[in-house]
2 protein chains.
Amino acid sequence: MELTADLAIGVFDSGVGGLTVLDELLARLPAEDFLYFGDTAWFPYGEKGDDQLRARAEEISRWLLGQGVKLIVIACNTATAAAAEHLQRVLEVPVIGVMTPEAHAAVLTTRNRRVGLLATEATVRSGSYARMVRAHDAGVELVSVPCPLLAPAIQSGDPFDERIMEMVREYTAPLREAGVDTVILGCTHYPMVERLLRRSLPGVTLITSGEELAREVHDSLRRRDLLRATGTEGDYRFACSGDPAAFRELGSRFLQMPLGVVEQVLGGAPERAVG
Amino acid sequence: MELTADLAIGVFDSGVGGLTVLDELLARLPAEDFLYFGDTAWFPYGEKGDDQLRARAEEISRWLLGQGVKLIVIACNTATAAAAEHLQRVLEVPVIGVMTPEAHAAVLTTRNRRVGLLATEATVRSGSYARMVRAHDAGVELVSVPCPLLAPAIQSGDPFDERIMEMVREYTAPLREAGVDTVILGCTHYPMVERLLRRSLPGVTLITSGEELAREVHDSLRRRDLLRATGTEGDYRFACSGDPAAFRELGSRFLQMPLGVVEQVLGGAPERAVG
C-alpha cells in the first residue's frame, strides 16, 4: 500500500482516556483527518492477557487500515506495552505508542536529574518508563508512584471533587519529598486533573503523553513528507466497540468538545472477539 | 553547580571527525559558545580498551566542566559506546552522545521500513544502532555495511579522488540492492563525502549524527530554559591533546573554516595520562 498525505491518522485506546492524546494531536496537526477508536466493550485492558491484547490490537489496527490511515497511534499504556512491537512488525504503516516519547522528553527537560512518574500499578510494575529513561540518560533517577485509584476516580467523578484533590495531594507527596523537577503523567487519564497536579507540584514541569506523542507524530509525518498542506481544517470521526451513547457522553468531557456521531464497530465480548 | 544559559557547550572527539558535528551545532545554535576538544594524542580510540576510554572521557569532561560548560556532546561513536552511560552517571551536566538521535531520526524517516547503516567495523559489530532502531520501531529492518577503509581515506586524502569514489560505490552497493530508503551515516567522518554518497544512493535520505545531535541539543537546552538569547553571535574555542598545528590544518578542512588559535591540553601518551 502506498501511503499518501491525504490519508487519516488512526488512534486507538481501551476507552476515552486516549481522547486527551487526540486533543493534543488536533491542536498540533489541525489540517489532518483523525479516526479514533475506543475499545469500550473490552475496557479495562489491564485485566486482559498480553496474547489476547496483541490479537485485539491487531484486529483494531486492521480495521483502521481498512478505513484508510497512514499512521497508527496507540494512545494507551497497557496496549503499548503489550502490542506495540507486534504491530510494528506486522503492519505496513508506522505505529507510534506512548512511553518512549514522554521518557525522552523528561530526560531532555530535567535540570536536577530527578524525574517523577505517576502511573497505574501495572505501568509502574512493568518498569518500561525506568528502562527508557535510563536508555536516554543513565544519570537520571526515576521516582515512580503507583496511583491505583486515580484513573477510575477521574473516569467516574467530577474532576474537582474533594476526594480527587485529596488523592492527588497524597500521590504527589513522595515526589515533593524526592525533590523531582519533572514529572511524567504516565496515564492518559491524568491530564484531566492537570490543574490539580500543578497546584500540588509547584515549580515542577509536567510531561504528558499527548503533547510528546503529537510532537513525535508531527515529526514522523514531516520527515516522510506525509503531512497535509496547512490552511485547511481536518475532519475527525469516532468509533467504539461498546455503547455509542455512553462513549459520546463520557468522551465529550475528555475531549472538551462534542463528539457528534459515534459509530459502533468490532463489538462483542472479549471471548467472542478473540475466539 | 547551577547551570546557566551563559555557559558554553562542550564537545569532544578522538580527533577532527567531531568537527562535522560542531559544524551542525554552529548552524543550529549560532548564539551559543562552544569549546571543542580533539583528543589527537590518543587518536584512534578504536584501539583502546573500554575502561581506558571511560577514564579518559571522564578526564576530558572534567576539564571541559572546569572551563565552564552547561552540556557535553560526545561527537564520537567509539567514545559514546564506551563512556556515555558512565559520564551520565558521574557528571552533573547533561551528556548527549551520538547513535540514539540518528537511530530515532531514521525510524521517523523511513517509508519502506528498510534503513541502511554505513559505519566502522567496530560500530557495526557493537550492534548499538540495530538495538536502538528496534527499540523505536520493531518493524524496521537495518542493513549494516562495515566500511573499514573509508574514515582513514577521508582523513588522509582528497575527498574527491578516484579511490574514495570507488570505495563509496562499493560500500553503498549492498544498500542499493537491499532497497533501503534511508541511510544512517554512522561515523562523523562521512559527512565529508556526503555529495559522493548522495550520488551513489539516489532517492535515499541520508541521516547524519551532526544534524540529529544538533536538534537534540537544541531541544534539551530549550526545555531546560538554558538557551542563550538569539541575536548575538557565539564564540568558539579549540583545544587538542596532540600537535596544535596539525589539528588546526586538518580541522579547518573538516569544519570548512579557519580554526584560529588551538590550545594544547591534557597531552601525553595514553599510558601516562591514564596511569
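Residues numbered from 1 in each chain as written. Chains lettered and ligands numbered in written order. Predicted model: local features only at pLDDT ≥ 70, side-chain atom pairs only at ≥ 80, totals over all residues. Heavy atoms only, no water.

**Considerations on the sheet that holds strand S6 (residues 141-146) of chain B**
Residues and elements named next belong to chain B. Read across the open sheet, the four strands follow the order S6-S5-S7-S8; overall the sheet is parallel. In the strand order of this sheet, the two ends are held by S6 and strand S8 (205-208), each with one partner. With strand direction ignored, the average angle separating the axes of adjacent strands in the sheet is 25°. Here six bridges tie strand S5 (residues 114-119) to S6, and the two strands are oriented parallel to one another. Looking at S6, one finds that Ala119 is bridged to Pro146. Packing against the sheet, helix H10 (residues 209-223) makes contact with strand S7 (182-185) and S8, and its axis sits at approximately 60° to S8. (Pairing = 2+ DSSP bridges. Helix = DSSP H or I, 4+ residues; strand = E, 2+ residues; numbered from the N terminus. Axes fitted to C-alpha atoms, helices over the stretch in contact; angles between N-to-C directions. Contact = heavy atoms within 4.5 Å.)

**A short note on the interface of chain A and chain B**
Contact with chain A, which involves 33 residues of that partner, is made by 33 residues of chain B. Buried surface at the junction of chain A and chain B, summed over both partners, amounts to about 2800 Å²; 38% is from carbon and sulfur atoms. Linking chain A with chain B are six salt bridges. Between B:Arg111 and A:Glu2 there is a salt bridge, and its shortest N-O distance comes to 3.6 Å. One can count 28 residue pairs in polar contact (both at pLDDT 80 or more) joining chain A with chain B. When residues of the side of chain A that touches chain B are traced back to their parent elements, those giving at least two are helix H3 (77-90), helix H4 (100-109) and helix H10 (209-223) of chain A. Per element, the largest residue contribution to the side of chain A that touches chain B is seven residues, and it comes from H10(A). Looking at the side of chain A that touches chain B, its residues break down into 10 nonpolar, eight polar and 15 charged. (Buried area = accessible area lost by both parts, 1.4 Å probe. Salt bridge = Lys/Arg side-chain N within 4 Å of Asp/Glu carboxyl O. Polar contact = N/O pair within 3.5 Å; in protein donor to acceptor, adjacent residues only side chain to side chain. Nonpolar A, V, L, I, M, F, W, Y, C, P; charged D, E, K, R; others polar.)

**Observations regarding the domain arrangement of chain A**
Residues and elements named next belong to chain A. Along its sequence, chain A is organised into domain 1 (8-97 + 212-274) and domain 2 (100-209). Computed over C-alpha atoms only, the centres of domain 1 and domain 2 are separated by 23 Å. Domain 1 puts 16 residues into the contact, and the matching count from domain 2 is 19 residues. Broken down residue by residue, the surface that domain 1 buries against domain 2 is led by Asn77, Glu212 and Arg253, which jointly contribute 41%. Along the contact surface separating domain 1 from domain 2 lie zero salt bridges. Counting across the interface, domain 1 meets domain 2 through nine residue pairs in polar contact (both at pLDDT 80 or more). Secondary structure elements with two or more residues in the side of domain 1 that touches domain 2: helix H1 (19-28), H10 and helix H11 (244-255). Considering only residue class, the side of domain 1 that touches domain 2 consists of seven nonpolar, five polar and four charged. (Domains from an automatic or database assignment.)

**A few points about unusual backbone geometry**
Residues and elements named next belong to chain A. For the peptide bond that leads from Phe43 to Pro44, omega is -5°, which places it in the cis range. On the secondary structure map, Pro44 appears in the loop between strand S2 (34-38) and helix H2 (50-67). Of note in this structure, Met99 is not a glycine but carries a positive phi near 85°. Position of Met99 relative to the elements: it lies in the loop between strand S4 (95-97) and H4. In this structure, Asp225 takes a positive phi of about 60° despite not being glycine. Along the chain, Asp225 turns up in the loop between H10 and strand S9 (236-240). Classification of Asp225 as exposed rests on a relative accessible area of 63%. (Buried < 20%, exposed > 50% of the residue type's maximum accessible area, 1.4 Å probe, protein only.)

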